[in-house]
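Residues per chain are reported as follows:
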Amino acid sequence: MIELRILRMPLRATFTTSGWYEKEREFILIKYSKFGITGYGEVVASKAPYYSAETVASAWSVLIHYLLPMVVDEPEVESFLRKAKRIRGNRMAKAGVELALYDFKAKLENRPLYDLYGGIGGEIEVGVSVGIKRDYHELRETIRGYLNQGYQRIKLKIRKGWDFEILKRIRREFRSIRLWADANGCYSAEDIDHLRRVDEFGLELLEQPFPPDDLISHAQLRERLKTPICLDESIESVDDLKTALALGAIDILNLKVGRVGGISETLRIIELSQEKNLPVWIGGMLESGIGRAHNLHLASNPIFSLPPDLSASDRYYEEDIIYPPLLLRNGRLSVPDGPGIGLAVREELINRYTIHRETLKGA
Ligand code: OSB
Ligand code: MG
């Protein structure tokens, strides 16, 4: 049986980027149950098409009509991948199914998910992504709080008018922190000259300065900048990554399972990145504990050389839908060792946050 739900969870603080803001996280949860075992997957598409073309509504439709009928009687990753090949795009929807199937498989085989994701478990140093704030003071206090909690690096969301001056002041205030910046595609080719100033701030990377399709501007900026260029939205597949590498548009990759359509594509991207000596790290989508648990298992793959956007439960939510919540200790999160995601799921909370629900029964 498959249960599909839309959950709406309030965020502890509004998250603002150059292109949108979120006060609450709306997402799809997939529960795959058979033989008394339940696998959980999260579809990271948002309510509105600001980060990606996919939305909760589009993913819901594709799941109900196309993807879930492929798996309802056959909980097999390989056969799902074969059948799902003919579906174009809709990567976040596909990824959610694959995640649920992997959790199911890992639980059936009594293994932790990291075993299937090329990870090794243990503890992982993590970073935190900090949204745009009302003013500098609020940003500084937010960062101070995260540093006191032990986060290993700070990723600042920037946009026009909340960029050079802010970066300069933050760098002056926190001289030695590991600092990154993410523009979510707000600049354009005319800004290339102006963006050369970015080298002043000692950033370890500048993420997605230009819109997703504009690889050419990324390549041009990369020739003029010492700060490494990291791509997020531009890379939806291993082929996109090949193109970006061929154009010289990328130094570092932010890898998100949902954005690239699932675990198998993720593993292909990891392989290519290793071959090309491209540094990769795991990004986030403000996931619930279920999505973040999957990311955490994956992030324990030793090839990742930079701290992920994987923060503790209390960075995002007052109450998380997993138990125990993910806690930060010495700047690290620990990867659970139990079967599958390795965490209990709080069904009563899931029920409380559910705004829509549908069940598919197999033969
Ligand atoms: O661009 O990396 C991004 C959140 C939602 C959508 C896009 C992005 C983000 C983040 C937050 O930066 C990462 C996280 O902590 O989940
Ligand atoms: Mg990003």
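Residues numbered from 1 in each chain as written. Chains lettered and ligands numbered in written order. Predicted model: local features only at pLDDT ≥ 70, side-chain atom pairs only at ≥ 80, totals over all residues. Heavy atoms only, no water.

S.K.: Explain the domain arrangement of the protein to me, please; I cannot follow it from the model alone.
M.R.: Frequently, the measure chosen for interface size is the accessible area removed from exposure when the parts meet. The domains assigned to the protein are domain 1 (2-110 + 344-360) and domain 2 (115-334). The straight-line distance from the C-alpha centre of domain 1 to that of domain 2 is 23 Å. Across the boundary between the two partners, domain 1 contributes 38 residues, which contact 42 residues of domain 2. Regarding the contact of domain 1 and domain 2, the summed buried area is about 3,500 Å², with carbon and sulfur atoms giving 63% of it. The largest per-residue losses of area from domain 1 upon contact with domain 2 belong to Arg12, Tyr51 and Arg91, which jointly make up 21% of the total buried on that side. One can count four salt bridges joining domain 1 with domain 2. Summed over the shared surface of domain 1 and domain 2, the result is 17 residue pairs in polar contact (both at pLDDT 80 or more). When contributions to the side of domain 1 that touches domain 2 are tallied by element, the ones reaching two or more residues are β1 (2-16), β2 (21-34), β3 (37-43), α3 (91-108), β14 (344-345) and α13 (347-353). The element contributing the most residues to the side of domain 1 that touches domain 2 is α3, with 10 residues. (Domains from an automatic or database assignment. Contact = heavy atoms within 4.5 Å. Buried area = accessible area lost by both parts, 1.4 Å probe. Salt bridge = Lys/Arg side-chain N within 4 Å of Asp/Glu carboxyl O. Polar contact = N/O pair within 3.5 Å; in protein donor to acceptor, adjacent residues only side chain to side chain. Helix = DSSP H or I, 4+ residues; strand = E, 2+ residues; numbered from the N terminus.)

S.K.: Is there a simple way to explain unusual backbone geometry in this structure?
M.R.: For residues that are not glycine, phi is negative in most cases, and the peptide bond is trans in most cases. Residue Pro324 is bonded to the preceding Tyr323 through a cis peptide linkage, with omega at -5 degrees. Relative to the helices and strands, Pro324 resides in the loop between β12 (322-323) and β13 (332-334). The phi dihedral of Phe35 is positive, around 50 degrees, even though this residue is not glycine. Mapped onto the secondary structure, Phe35 falls in the loop between β2 and β3. Despite not being glycine, Asn184 shows a phi value in the positive range, around 45 degrees. One can find Asn184 in the loop between β7 (179-182) and β8 (205-207).

S.K.: Please explain the site of ligand 1 as it appears in this structure.
M.R.: The local shell around ligand 1 holds 16 residues, among which Ser129, Lys157, Asn184, Leu286 and Tyr316 are the closest. Within the contact set of ligand 1, an oxygen atom lies 3.1 Å away from a side-chain nitrogen or oxygen of Asp232. Contact distances for ligand 1 include 3.0 Å between an oxygen atom and a side-chain N or O atom of Lys256. Alone, ligand 1 offers 390 Å² of accessible surface; in the complex the protein occludes 99% of this. (Near = heavy atom within 4 Å. Areas by Shrake-Rupley, 256 points an atom, 1.4 Å probe, with all protein chains shown as cover.)

S.K.: Can you walk me through the nonpolar core in this structure?
M.R.: One recurring pattern in soluble globular proteins is that nonpolar side chains are buried together. Ile28, Leu63, Leu67 and Leu156 are the most contacted members of the largest nonpolar core, which totals 127 residues. Here this core spans two domains, and each of domain 1 (2-110 + 344-360) and domain 2 (115-334) adds at least three residues to it. Aside from chain neighbours lying at most four places away, what touches Ile28 is Leu4, Arg5, Ile6, Gly41, Glu42, Val43, Val56, Ala59, Trp60 and Leu63. With six residues, the next largest nonpolar core counts Leu205, Cys230, Ile252 and Trp281 among its residues. (Core = buried A, V, L, I, M, F, W, Y, C linked by side-chain atoms within 4.5 Å. Buried < 20%, exposed > 50% of the residue type's maximum accessible area, 1.4 Å probe, protein only.)

S.K.: Can you walk me through the sheet that holds strand β6 (residues 154-157) in this structure?
M.R.: Strand pairing in a sheet takes place through backbone hydrogen bonds and is either antiparallel or parallel in direction. Strand order across the open sheet formed by seven strands is β5-β6-β7-β8-β9-β10-β11, with parallel pairing between neighbours. Because the sheet does not close on itself, it has two edges, and the strands there are β5 (128-130) and β11 (280-282). Ignoring which end each strand starts from, the neighbouring axes of this sheet average 25 degrees apart. Across two bridges, β8 lies against strand β9 (residues 229-231) in parallel orientation. Residue pairing in the sheet places Glu207 in a bridge with Cys230 of β9. Those strands touched by helix α6 (residues 164-173) are β6 and β7, and its axis lies near 165 degrees from that of β7. In this fold helix α7 (residues 215-224) packs onto β8 and β9, with an angle of close to 160 degrees to the strand it touches most, β9. (Pairing = 2+ DSSP bridges. Axes fitted to C-alpha atoms, helices over the stretch in contact; angles between N-to-C directions.)

S.K.: Would you mind showing me how to read empty space enclosed by the protein here?
M.R.: Where empty space is left can be seen by rolling a probe of water-molecule size over the atoms. Scanning the model with the defined rule gives one cavity of 30 Å³ or more in all. Approximately 100 Å³ is the volume attributed to the largest cavity. Along its surface, the largest cavity is lined by 14 residues, and Val44, Val257, Gly258, Glu287 and Asn295 are the ones closest to its centre. The set of elements that each furnish at least two residues to the lining of the largest cavity consists of α3, α9 (257-260) and α11 (289-299). Among the elements that line the lining of the largest cavity, the one with the most residues is α11, at three residues. Looking at side-chain class alone, the lining of the largest cavity contains five nonpolar, six polar and three charged residues. (1 Å grid on protein atoms, 1.4 Å probe; cavity = no way out; pocket = protein on both sides within 12 Å on 5 of 7 lines; lining within 4 Å. Points joined across faces, edges and corners; volume = space filled by probe spheres on them. Nonpolar A, V, L, I, M, F, W, Y, C, P; charged D, E, K, R; others polar.)

S.K.: Hey, could you run me through the side chain of Asn301 in this one?
M.R.: If you trace the backbone, Asn301 turns up in the loop between α11 and α12 (313-316). Taking relative accessible area as the criterion, Asn301 reaches 9% and is therefore assigned buried. Polar contacts involving the side chain of Asn301 include one to the main-chain carbonyl oxygen of Gly118, which spans 3.2 Å.

S.K.: Explain the packing of aromatic side chains to me, please; I cannot follow it from the model alone.
M.R.: The description of two aromatic rings rests on the distance between their centres and on the angle between their planes. If you walk through the whole model with that rule in mind, you get eight aromatic pairs. Connected via pairs of aromatic rings, a cluster forms that spans Tyr32, Phe35 and Phe104. One cation-aromatic arrangement involves Arg153 over Trp180; the distance from NZ or CZ to the ring centre is 3.9 Å. Across from the ring centre of Trp281, 5.3 Å away, lies the NZ or CZ of Arg153, which sits over that ring. (Phe/Tyr/Trp six-rings, centres within 6.5 Å; stacked < 30°, edge-to-face > 60°. Lys NZ or Arg CZ within 6 Å of the ring centre and 35° of its normal.)

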